[in-house]
Every structure is written in structure tokens, then in C-alpha cells.
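Structure assessment
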Amino acid sequence: MTPPSAIRSVGFRALLATQFLGAFNDNAFRLVVSLAAVRLMPTPEARSLYVALAGGLMTLPYVLFSTYAGYLADRFSKKRLMVAWKLLEVAVMLLAAVAFWLRSPPFMVAVVFLMGAQSALFSPCKYGILPETLPDQELSRGNGAMQMWTFLAIILGTAAGGRLAGLFAEHRVACAAVFVAIAILGTLTSLAVTPVPAAGSRQPFEPLFWKGALDTFRQVRADRALLLCILGSAFFWCLGALFQMNILLYARDPMGLDETHTAYLLTAVALGIGLGSQLAGRWSGEKVEFGLVPLGALTLGLFSIWLSFSFNSYGLTLAVLFMLGVGSAFYDLPLGTYVQQRSPADAKGRVLACSAFLANGGIVAMAGLFWLLQSVLHLGAPLTFLAVGLGSMLVVYYICRLLPEFLLRFLIWLGTHSLYRIRIVGGEYIPRNGGALLV
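Source: prediction; values computed, not measured.

**Quick word on the overall build of the protein chain**
Within the protein chain, the regular secondary structure consists of 15 helices and zero strands. Going through the 439 residues of the protein chain one by one, you find that 55% of them count as buried. In the protein chain, 85% of the contacts between residues at least 6 apart in sequence involve partners at least 24 apart. Accessible area of the protein chain: about 19500 Å², with a carbon and sulfur share of 68%.

**Things to note about the packing of aromatic side chains**
Within the structure shown, the criterion is met by ten aromatic pairs. An angle of 55° between the planes, with centres 4.8 Å apart, marks the rings of Phe243 and Phe385 as tilted. One end of the pair, Phe243, is in helix α9 (residues 224-252); the other, Phe385, is in helix α14 (residues 381-402), and 142 residues separate them in sequence. When its relative accessible area of 1% is taken as the criterion, Phe385 is described as buried. For the ring pair Phe303 and Trp306, a centre distance of 5.6 Å and an interplane angle of 25° mean the geometry is stacked. Of this pair, Phe303 and Trp306 both sit in helix α11 (residues 292-307), separated by three residues, roughly a single helical turn. With a relative accessible area of 42%, Trp306 lands in the partly exposed category. Seen from the ring of Phe122, Lys86 lies directly overhead, with NZ or CZ sitting 5.7 Å from the centre.

**Topic: the environment of Lys86**
Relative to the helices and strands, Lys86 is located in helix α3 (residues 78-102). For Lys86, a relative accessible area of 1% translates into the label buried. For the pair Lys86 and Gly22, spaced 64 residues apart in sequence, the C-alpha to C-alpha distance is 8.2 Å. Excluding its chain neighbours within four sequence positions, the residues that come into contact with Lys86 are Thr18, Gly22, Gln118, Phe122, Ala183, Gly186, Thr187 and Ser190. A polar contact is formed between the side chain of Lys86 and the side chain of Glu89, at a distance of 2.5 Å.

**Some remarks on the environment of Leu231**
Along the chain, the position of Leu231 falls in helix α9. Between the C-alpha atom of Leu231 and that of Leu358, which follows or precedes it by 127 residues, the distance is 7.8 Å. Leaving out residues up to four positions away in the same chain, Leu231 has contacts with Phe217 and Leu358.

**Digging into the nonpolar core**
Among the nonpolar cores identified, the biggest contains 49 residues, and Phe243, Ile247, Leu307, Leu321, Leu324 and Tyr331 are the most heavily contacted of them. When residues of this core are traced back to their parent elements, those giving at least two are α1 (10-40), α6 (139-167), α9, α10 (259-284), α11, α12 (314-342), α13 (348-376) and α14. It is α9 that provides the largest number of residues to this core, a total of ten residues. Counting 29 residues, the second largest nonpolar core, distinct from the first, contains Tyr50, Met93, Ala176 and Ala183.

**A few points about the side chain of Asn143**
With respect to the element layout, Asn143 can be found in helix α6. Leaving out residues up to four positions away in the same chain, Asn143 has contacts with Leu130, Leu333, Thr337 and Gln340.

**Remarks on the confidence of the model for the protein chain**
Predicted coordinates in areas of low pLDDT are best not read in detail. In this model, the protein chain carries an average pLDDT of 79, and 84% of its residues clear a pLDDT of 70 or more. Summarising per-element confidence for the protein chain, the mean pLDDT is lowest in helix α15 (residues 404-418) (65) and highest in α3 (90).

**A look at the packing of α9 against α12**
Their axes nearest at 9 Å, the elements α9 and α12 cross at an angle of 155°. Put simply, α9 runs roughly antiparallel to α12. The element α9 and its partner α12 pack so that their crossing is left-handed. Taking contact as the criterion, the partners of Ala225, Leu226, Cys229, Ile230, Gly232, Ser233, Phe235, Phe236, Trp237, Phe243, Ile247 and Tyr250 in α9 are, on α12, Thr317, Leu321, Leu324, Ser328, Tyr331, Asp332, Leu335, Tyr338, Val339 and Arg342. Residue classes in the contact of α9 with α12 are distributed as 16 nonpolar, four polar and two charged.

**Some thoughts on the side chain of Glu138**
Positionally, Glu138 belongs in the loop between α5 (130-133) and α6. In contact with Glu138, other than residues within four places in its own chain, are Ser5, Ala6 and Ile7.

**A closer look at the packing of α9 against α10**
Contact geometry for α9 and α10: axes closest at 9 Å, N-to-C directions at 145°. Of the two elements, α9 crosses α10, and the hand of that crossing is right-handed. Facing α9, whose interface residues are Phe243, Gln244, Ile247, Leu248 and Ala251, α10 presents Thr262, Leu265, Leu266 and Val269. Considering only residue class, the contact of α9 with α10 consists of seven nonpolar, two polar and no charged.

**Quick notes on the pattern of salt bridges**
What the rule picks out here adds up to four salt bridges. The partner of Lys78 in a salt bridge is Glu132, and the shortest N-O contact between them spans 2.6 Å. Remark: Glu132 occurs in helix α5 and Lys78 occurs in helix α3; sequence separation between them is 54 residues. Relative accessible area serves as the criterion here: at 1%, Lys78 is assigned to the buried category. With a relative accessible area of 28%, Glu132 lands in the partly exposed category. When the shortest N-O distance is used, the salt bridge between Glu89 and Lys86 registers 2.5 Å. A residue pair is termed a helical-turn pair when its members lie 3 or 4 positions apart in one helix, as Glu89 and Lys86 do in helix α3 at three residues. We classify Glu89 as buried; its relative accessible area is 1%.

Criteria and cut-off values
- Residues numbered from 1 in each chain as written.
- Predicted model: local features only at pLDDT ≥ 70, side-chain atom pairs only at ≥ 80, totals over all residues.
- Heavy atoms only, no water.
- Helix = DSSP H or I, 4+ residues; strand = E, 2+ residues; numbered from the N terminus.
- Buried < 20%, exposed > 50% of the residue type's maximum accessible area, 1.4 Å probe, protein only.
- Contact = heavy atoms within 4.5 Å.
- Areas by Shrake-Rupley, 256 points an atom, 1.4 Å probe, with all protein chains shown as cover.
- Phe/Tyr/Trp six-rings, centres within 6.5 Å; stacked < 30°, edge-to-face > 60°.
- Lys NZ or Arg CZ within 6 Å of the ring centre and 35° of its normal.
- Polar contact = N/O pair within 3.5 Å; in protein donor to acceptor, adjacent residues only side chain to side chain.
- Core = buried A, V, L, I, M, F, W, Y, C linked by side-chain atoms within 4.5 Å.
- pLDDT = per-residue confidence, 0-100.
- Axes fitted to C-alpha atoms, helices over the stretch in contact; angles between N-to-C directions.
- Parallel < 35°, antiparallel > 145°, perpendicular 65-115°, else oblique.
- Left-handed = near helix turned anticlockwise from the far one by under 90°.
- Nonpolar A, V, L, I, M, F, W, Y, C, P; charged D, E, K, R; others polar.
- Salt bridge = Lys/Arg side-chain N within 4 Å of Asp/Glu carboxyl O.

This is how it looks when you write it as C-alpha cells:
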């Protein structure tokens, strides 16, 4: 008798719902604040600075608090911590209501920082609980589902954020009520997440966040494959942060779009990532398929370069952004899944926190780079996308040179998925690590 799939369990669906609601709130709120800045700030330099602040302060807490979040995730039950962090989200959204009522940009930016802190504390729990509740053969599909629902939330949150930003001046109380209600609903869904015991880590608490991250990084360095996946994923998120900030200026100049149409551009990216994540999880089957990584990087590079020339056509820009989202999912999902799978059972929270520390430290740096490119060097949004595309093409070359087995797996994957239909029987008898005797 085939055992029931853990992906179809009530606990896993509750986890998806909790993540969906949290991601919706994060993205809708940050977009409302960013677009309010673009509308209210009098000069392009002020708009660039404010957008960079909103992006940087949302991710700075991942640098400051990720190691603490990882320590707690390894020490206590991840399900119980998820409930606690969702209650914190309710409190933060109540503060957002006050900021909206006062129409205070500094207060709104401060709440963006607090929202980022809540997300940083929540992150090791939501990803660390996946390998604790899903078997290895369902982990890629589980991550695909998590990514799909996350980016569906980004789609809807971005669309809702665009609409709420357009109505912000006259309906501040209604905006705040939406965010508070969603935070409360997310807290209720977190109660139904599959309970898991504490991982049992006895790692001593390190009060200096950078030292804790560096200690974990030294441990990770002993596993070259795990280290490269963490660094590859960090690079992706840095690139994505620069990309997201640049879209806001790209939409205003040279495209001249309003808030609603700007939100549709971000929605196209999120829709591509959601669909790409589902495809990547399905095509990976019961394993981590690294052959998708160079395919994703190549897609990112080509369509980023195309985007630098597509601003005269709104429809073409939407299509290019959609394909960029698909490429992003192909690149990042195998790397993230491998990090979850490879990390030691009693250190998953710390390893995931270290990964978040590196990624978001780079994202904060990208906020500074974005300000430098736009306000100091006056590079312009189209040329910034061109630079991103050329950088991605260098990454493709580096991946194939450093890890030629990725290129080989990509070619094998491309052949088996385009020329043949292969069905694997008995794959569950092959061990995940080490050799196997085939008779």
C-alpha cells in the first residue's frame, strides 16, 4: 500500500497558507511604502534614496537577527516558534496602522525595518521545517510548492499594493485594516502546521551576530558542495534585490507608468517565478536536479539584456519579465533544496540562518550600489539591467568552468526531457549519499 503523501497533509497545506499570507503582507506593505515615496518625494535623487532605504531596511534585519533566529530554530520546536513570530507580525502591523494614520515617511520606513525583523526570525523555521515534515523524495516538490505559493502571494500582494498605494491618500485606515487582518489570519493558520519536536541542538548562544554567522560559515566550508550552493543562492538574491529596486525607476523613467501598471510589471516576475518553481519541482522528480542551475542562469542573462531594450513596448516588457521569473526559479530552487537536504539535522536552523545572513548582507550592499548607480553615476535603469544581464552571463561561464558536472547534467537533462520520456523504477532503493551496487 502506498503511504499517503506528506505534501497533501493538512499540516503542510497550513504551512503553505501561513507562508502565503506572510509573503503577501511583506510585499504589499513594502510596495505601498515605496510607491508612496515615489509619489511624495520632490526630486529623483530623493525618490532613489527612499526606495533604496525601503529595500535595504527590509533586509537589514536578516543580517542582524538571522544567527539568533537560527539558534532558536535549532533549540526549540519550529512550529511553536512560527506561531510566536506570527503574533509578532500582528503587533508590527498595528504599528503600521499608526504610521499610515500619521502619514509619516520616517515612521513607515521604521515599520518596514520591524517587518523585516519579523520575517528574518520566521525564515529559518519555515524552511527548516520542510525536511522535518517531508521525506527526501518529496523535498524538491515541496520546495516547488512553497516557492509557487510564495510567489503567488507576491503576485497578489504586489497587485494589491499597487492598488492600495493609489488609494493611500484617502483610505489610510482601510489600508492598515487589510494588513492587520491578514496578519491575524496567518497566525490562525500557523496553529495547524504539523507539530515537530525540537531539533535538540546544544550549541551555546553567541551574542555577537556576526561571530555566530562566521562560526557556522567555517563549519560549512568543510562541505564544498554545500558551500557553493549557499554562495550561489546568495548571489541570486543579491541580483534579485537590485533588479526589484531598478524596476520601480524603470517603470517611471523611461516607461512613464503609473502605480498600477508598475505593480503589473512586478507581478509578471512573480508569476514567472511561481510557475518556474512548480516546473522545477516537478522536473526534478525525487532528487535535486542541478542541471536546471545553468539553464536558469542563462535565461536570467539573456532576458536581462533584452529588458534593457524593451521599454518601448509594455507587452514585450511583461513577457520578458515573466521569462526572467522562470529563469530565477530554475536557478535558485535546486540550490535551496540542496542546502535544506544537506545541512546536519541539529544545525539546519543555523545553516539556513548563515545562508540568509550572507544573502541579505549582500542585499543591503545592493541597496547602496543601487543608490550609487542611480544617484551618483546616473547610469539609468536600462543600462543597469544591461549590467545585470552581462553579470549573469559571466556566472554561467563560471558555473560551467568551476563545476563542469553541472553543464553535463544540464545537457543530459535537456536531452532526456526533450527527446525521450524516461520513467525511473526502483529509484527509492538508491541511497542519497555514497555508492550503490546495481545488480
